[in-house]
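Chain residues, written in single-letter form:
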Amino acid sequence: MAIRDLISSVKGDKKALTAVTVLGAAGLCLVMLSSLLPTDSKDKEDESEGADEASVTAQDYCAETEERLTDFLKNIEGVGEVQVYITVSGDEEYVYATEGKTSISENKTEEEHQYVMIGESGSKSALVETVNSPEIVGAVIACTGCDSAAVQEEIYKTVSTALDLPTSKIYVTKLR
């Protein structure tokens, strides 16, 4: 019943009715203005941090691959202590999604391709379809147990298979 009393008291007082109307209109204006403002900057920062974490430099890729290969080669009988050095060509490469259409007329074939864009208005970006890692072009393996031809052969086969490299791109040497 208190609400009905409050409403009936506002109806009778012109100043109170005017104040309620002005405050209501001001509230609606603020709601409309907030929809025109850009989105929260924290969301954009979180998105950019996620993209930075996902990106891998050539150095990071080499270091991770060297570490994994070193750990694996240590488990081969007779290898002993081992160090791995890998060389790569280029950096990671982004492949963006495209959509296109082809129109064929009498003597012409026209193709039109456009990148697929995602995101809100004002912050659109191209859709990444795949991210290609840097290409491994060579490897040097130094180990204490490579005096044996059988151990060297195992190292060549292992590294060739693991890195998808021909044996001509792999060098095995004795570690001091």
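It should be noted that the structure appears before, not after, this text.
The rules behind the values
- Residues numbered from 1 in each chain as written.
- Predicted model: local features only at pLDDT ≥ 70, side-chain atom pairs only at ≥ 80, totals over all residues.
- Heavy atoms only, no water.
- Helix = DSSP H or I, 4+ residues; strand = E, 2+ residues; numbered from the N terminus.
- Buried < 20%, exposed > 50% of the residue type's maximum accessible area, 1.4 Å probe, protein only.
- Contact = heavy atoms within 4.5 Å.
- Areas by Shrake-Rupley, 256 points an atom, 1.4 Å probe, with all protein chains shown as cover.
- Pairing = 2+ DSSP bridges.
- Axes fitted to C-alpha atoms, helices over the stretch in contact; angles between N-to-C directions.
- Core = buried A, V, L, I, M, F, W, Y, C linked by side-chain atoms within 4.5 Å.
- Patch = residues over 30% accessible without salt bridge, like charges linked within 9 Å, V, L, I, M, F, W, Y side chains within 5 Å.
- Salt bridge = Lys/Arg side-chain N within 4 Å of Asp/Glu carboxyl O.
- Expected span 1.5 Å × (residues − 1).
- Polar contact = N/O pair within 3.5 Å; in protein donor to acceptor, adjacent residues only side chain to side chain.
- Left-handed = near helix turned anticlockwise from the far one by under 90°.
- Phe/Tyr/Trp six-rings, centres within 6.5 Å; stacked < 30°, edge-to-face > 60°.
- Lys, Arg positive; Asp, Glu negative; His and termini not counted.
- Charge placed at Lys NZ, Arg CZ, Asp CG, Glu CD.

Student: Now, about the overall build of the protein: what can you tell me, with residues and values included?
Tutor: In terms of helices and strands, the protein carries 5 helices and 9 strands. Counting helices and strands in the order they occur from the N terminus, the protein gives α-α-α-α-β-β-β-β-β-β-β-β-α-β. The 176 residues of the protein split such that 19% are buried. Sequence separation of 24 or more characterises 66% of the internal contacts of the protein that already satisfy a separation of 6 or more. Carbon and sulfur atoms provide 53% of the accessible area of the protein, an area that totals close to 13,600 Å².

Student: Which residues make up the sheet that holds strand 9 (residues 170-174), and what values do they have?
Tutor: Note: strands within a sheet are paired through backbone hydrogen bonds, in either parallel or antiparallel orientation. On the basis of which strands lie adjacent, the open sheet formed by 3 strands has the order 1-8-9 and mixed pairing. At either end of the open sheet lies a strand with only one pairing partner, and these are strand 1 (82-89) and strand 9. The mean inter-strand angle of the sheet, taken between neighbouring strand axes irrespective of direction, is 15 degrees. The sheet strands contacting helix 4 (residues 58-73) are strand 1 and strand 8 (135-143), and the helix crosses strand 1 at an angle near 145 degrees. Strands strand 1, strand 8 and strand 9 of the sheet are contacted by helix 5 (residues 149-163), whose axis makes an angle of about 145 degrees with strand 9.

Student: How would you explain the nonpolar core if you had to name every residue and give the values?
Tutor: Among the nonpolar cores identified, the biggest contains 19 residues, and Leu73, Ile141, Ile155, Val159 and Leu163 are the most heavily contacted of them. Once residues lying within four places of it in the same chain are set aside, the contact partners of Leu73 are Val79, Val82, Val84, Ile141, Thr158 and Val159.

Student: Describe a nonpolar patch on the surface, and please don't skip the residues or the numbers.
Tutor: Residues Tyr94, Tyr96, Tyr115, Met117, Val128 and Val131 make up a contiguous nonpolar surface patch of about 560 Å² in total accessible area. Listed by contribution, the elements that provide at least two residues to the nonpolar patch are strand 2 (93-96) and strand 7 (128-132). Note on Tyr115: relative accessible area 51%, which makes it exposed.

Student: Hey, could you go over helix 5 for me, with residue numbers and the actual values?
Tutor: Between the first and last C-alpha of helix 5 there are 21 Å, a value that for 15 residues agrees with the 21 Å anticipated at 1.5 Å per step. As for helix 5, its buried residues are in contact with helix 4, strand 1, strand 8 and strand 9. Its side-chain oxygen placed 3.3 Å from the backbone nitrogen of Ala150, Ser148 serves as the N-cap of helix 5. Count one or two residues on from helix 5 and you reach Asp164, which has phi positive near 55 degrees.

Student: Describe the pairing of strand 3 (residues 98-104), and please don't skip the residues or the numbers.
Tutor: The pairing of strand 3 with strand 4 (residues 109-115) spans 7 bridges and is classified as antiparallel. Each residue of the ladder has a partner; that of Thr98, found in strand 4, is Tyr115. The hairpin turn running from strand 3 into strand 4, its antiparallel successor, is 4 residues long.

Student: I'd like a rundown of the packing of helix 4 against helix 5, residues and numbers included.
Tutor: The contact between helix 4 and helix 5 brings their axes to 11 Å, and the two run at 140 degrees. Between helix 4 and helix 5 lies a crossing whose hand is right-handed. Between helix 4, through Thr65, Leu69, Phe72 and Leu73, and helix 5, the contact on the second element is made entirely by Thr158, Val159, Ala162 and Leu163.

Student: Report on the packing of aromatic side chains, specifying residues and quantitative values.
Tutor: Overall, the coordinates contain 2 aromatic pairs when judged by the stated rule. Note on Tyr96 and Tyr115: the rings are 6.0 Å apart at their centroids and 80 degrees apart in plane angle, and the pair reads as edge-to-face. Here Tyr115 lies in strand 4 and Tyr96 lies in strand 2, a separation of 19 residues in the sequence. The partly exposed category is assigned to Tyr96, whose relative accessible area is 35%.

Student: Mind laying out a negative patch on the surface, listing which residues take part and the relevant values?
Tutor: Together, Asp60, Glu64, Glu67 and Asp71 make up a region of like negative charge exposed at the surface. Note on placement: Asp71 falls in helix 4.

By themselves, these figures tell us nothing about what the structure is for.
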